[in-house]
Amino acid sequence: MFKEYFKYYKRINSLEHQSNVIDFENVDVNEIIKYKELKTASCNNEKEKLDGLGLKNDLSDWRCYEISNIPGLIFISNPFTPCGQKYWMKRCIVDYTKKPNRLNIDAHHYIDVEENWWTTVNNTGNIKLRDQLRWATLGYHHDWDTKVYSESAKSEFPSDLYQLSKTIIELLKFPEEFIAEAAIVNFYHPSSTLSGHIDHSEYNLSAPLLSISFGLSAIFLIGGHSLNDKPTAILLRSGDTIIMSRESRLSYHGVPKILLSENDRKIKYENEWEFNLKNYMKVTRININVRQVNNAIRS
Ligand SMILES: O=C(O)CCC(=O)C(=O)O
Ligand SMILES: [Fe+2]
């Protein structure tokens with residue numbers, strides 16, 4: 001079933017009425033969706049912390065949902081401020097693509113050791129190099145062949161992304177502290193897809209997985225533990241964040257379709273630097289996929 005639905009959504013060009021994609025911006029009275037309550041932020045410190053992470057500092061502006069037939073899947077409708085979105089896009093594009101992080105283009109030595117991907121792309125106008133970037137791995141580096149995380153393939157995890165993940169999980173009232181140890185930053189083009197898979201390489205499979213998207217909208221398809229289970233399609237726009245926990249942590253999921261701009265949230269770009277960012281984000285979707293790898297060490 002998953003594969004058939006994947007093919008169906010891969011072929012559609014826009015969100016037709018019949019396409020059955022859950023759009024949280026236009027949720028009709030729909031009994032499959034329920035609101036998820038947040039931990040209430042009580043003090044000014046908390047507001048400052050949310051500001052510092054680029055998140056909306058008034059939690060009454062946050063909209064979080066659970067879908068009844070996908071236990072453990074939480075959807076947060078863009079909790080970021082416009083500045084916050086740009087901050088995280090910039091971190092992904094400019095900083096997370098630098099060493100010691102690993103990129104899919106590393107093996108081909110496209111970039112001079114003194115240079116980095118974003119400056120090289122902008123200084124040379126090399127669109128081919130721009131479009132060759134597909135992923136960056138941070139913290140424990142995901143090994144795409146063996147799927148095994150190893151102590152010998154690990155670099156420091158960015159502290160801002162660590163704090164962002166921990167804060168979101170805390171606000172959602174998860175009982176355990178979330179320790180971000182590995183992330184994949186996926187870069188999608190309008191024709192990219194990500195086929196159905198389960199993320200099960202982490203040693204700790206009870207910790208939630210956090211998935212934050214920026215740029216072009218996409219259809220996210222999530223099924224059950226078997227490819228025979230009927231999947232649900234969800235529209236993800238820039239800023240939308242999903243958490244896969246409990247049963248849905250080990251569910252098949254994938255991205256059959258990147259959509260063109262009609263569904264996108266508009267962001268104002270200002271100076272020349274932001275102009276380059278805008279041009280790249282017009283043709284790109286970024287997904288930051290954050291995982292806790294190990295079980296917490298209790299002292
Ligand atoms: O791009 C997405 O929304 C999902 C990415 C994903 O599933 C992964 O990196 O494992
Ligand atoms: Fe995944």
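Residues numbered from 1 in each chain as written. Chains lettered and ligands numbered in written order. Predicted model: local features only at pLDDT ≥ 70, side-chain atom pairs only at ≥ 80, totals over all residues. Heavy atoms only, no water.

J.: Just give me the short version of the UniProt feature "binding site: Fe cation" (unreviewed entry) in the protein chain, but keep the residues and values in it.
T.: Mapped onto the present numbering, the UniProt feature "binding site: Fe cation" (unreviewed entry) falls on His197, Asp199 and His253. A maximum C-alpha distance of 9.0 Å is found for the annotated residues, which run over 57 residues; spatially they form one tight group. Mapping Asp199 onto the fold places it in the loop between β8 (194–197) and β9 (209–215). Judged by relative accessible area, Asp199 falls into the buried class, the value being 9%. Side chain to side chain, Asp199 and His197 meet in a polar contact 3.4 Å long. Relative to the assigned elements, His253 resides in strand β13 (residues 253–258). (UniProt positions renumbered as here; feature names shortened; annotations may be inferred. Helix = DSSP H or I, 4+ residues; strand = E, 2+ residues; numbered from the N terminus. Buried < 20%, exposed > 50% of the residue type's maximum accessible area, 1.4 Å probe, protein only. Polar contact = N/O pair within 3.5 Å; in protein donor to acceptor, adjacent residues only side chain to side chain.)

J.: Quick rundown of the sheet that holds strand β10 (residues 218–222)? Include the residues and the values.
T.: Read from one edge to the other, the open sheet built from five strands follows the order β1-β11-β10-β13-β8, with strand pairing classed as mixed. Edge strands, defined here as strands with exactly one partner in the open sheet, are β1 (21–22) and β8. As paired strands, β10 and β13 are joined by four bridges and run antiparallel to one another. Bridge assignment links Ile219 to a residue of β13, and that residue is Lys257. Sheet contacts for helix α1 (residues 2–11): β1, β8, β10, β11 (232–236) and β13; angle to β13, the most-contacted strand, approximately 20°. (Pairing = 2+ DSSP bridges. Contact = heavy atoms within 4.5 Å. Axes fitted to C-alpha atoms, helices over the stretch in contact; angles between N-to-C directions.)

J.: Tell me about helix α3 (residues 82–95), and please be specific about residues and values.
T.: The end-to-end C-alpha distance of α3, which contains 14 residues, comes to 19 Å, matching closely the 20 Å that a straight helix rising 1.5 Å per residue would cover. For α3, the full list of buried residues reads Gly84, Gln85, Lys86, Trp88, Met89, Arg91, Cys92, Ile93 and Val94. Close packing links the buried residues of α3 with α4 (117–124), α6 (159–171), β7 (182–188), β9, α7 (272–281) and β14 (285–291). (Expected span 1.5 Å × (residues − 1).)

J.: Lay out the pairing of β13 with the relevant residues and their values.
T.: Within β13, six of the six residues are buried, leaving the element largely enclosed by the surrounding structure. Where β8 meets β13, two bridges bridge the pair, whose relative direction is antiparallel. The residue of β13 that forms the bridge with Leu194 is Val255.

J.: Describe the side chain of Arg130, listing the residues and the values that go with them.
T.: Assignment of secondary structure puts Arg130 in helix α5 (residues 127–132). Setting aside its immediate chain neighbours within four residues, Arg130 contacts Trp117, Val121, His189, Tyr280 and Val283.

J.: Talk me through α4; I want residue IDs and the actual numbers.
T.: Along α4, the positions that sit buried rather than exposed are Trp117, Trp118, Thr120 and Val121. Burial along α4 is one-sided: seen end-on, the buried residues are contained in an arc of 165°. Looking at the buried positions of α4, the neighbouring elements they touch are α3, β5 (102–103), α5 and α7. Two residues or fewer after α4 comes Gly125, characterised by a positive phi angle close to 65°. (Arc of directions from axis to C-beta.)

J.: Please give an account of the coordination of the iron ion (ligand 2) that cites residues and values.
T.: Around the iron ion (ligand 2), the protein supplies His197 (NE2), Asp199 (OD) and His253 (NE2) as donor atoms, at distances of 2.1 to 2.2 Å. Coordination of the iron ion (ligand 2) draws on donor residues from a single chain, spaced H-x1-D-x53-H in sequence. Of this pair, His197 sits in strand β8 while His253 sits in strand β13; the two residues are 56 residues apart in sequence, bridging distant segments of the chain. Look at His197 and you get partly exposed, because its relative accessible area is 21%. (Donors = N, O, S within 2.8 Å, 3.2 Å for Na, K, Ca; no water.)

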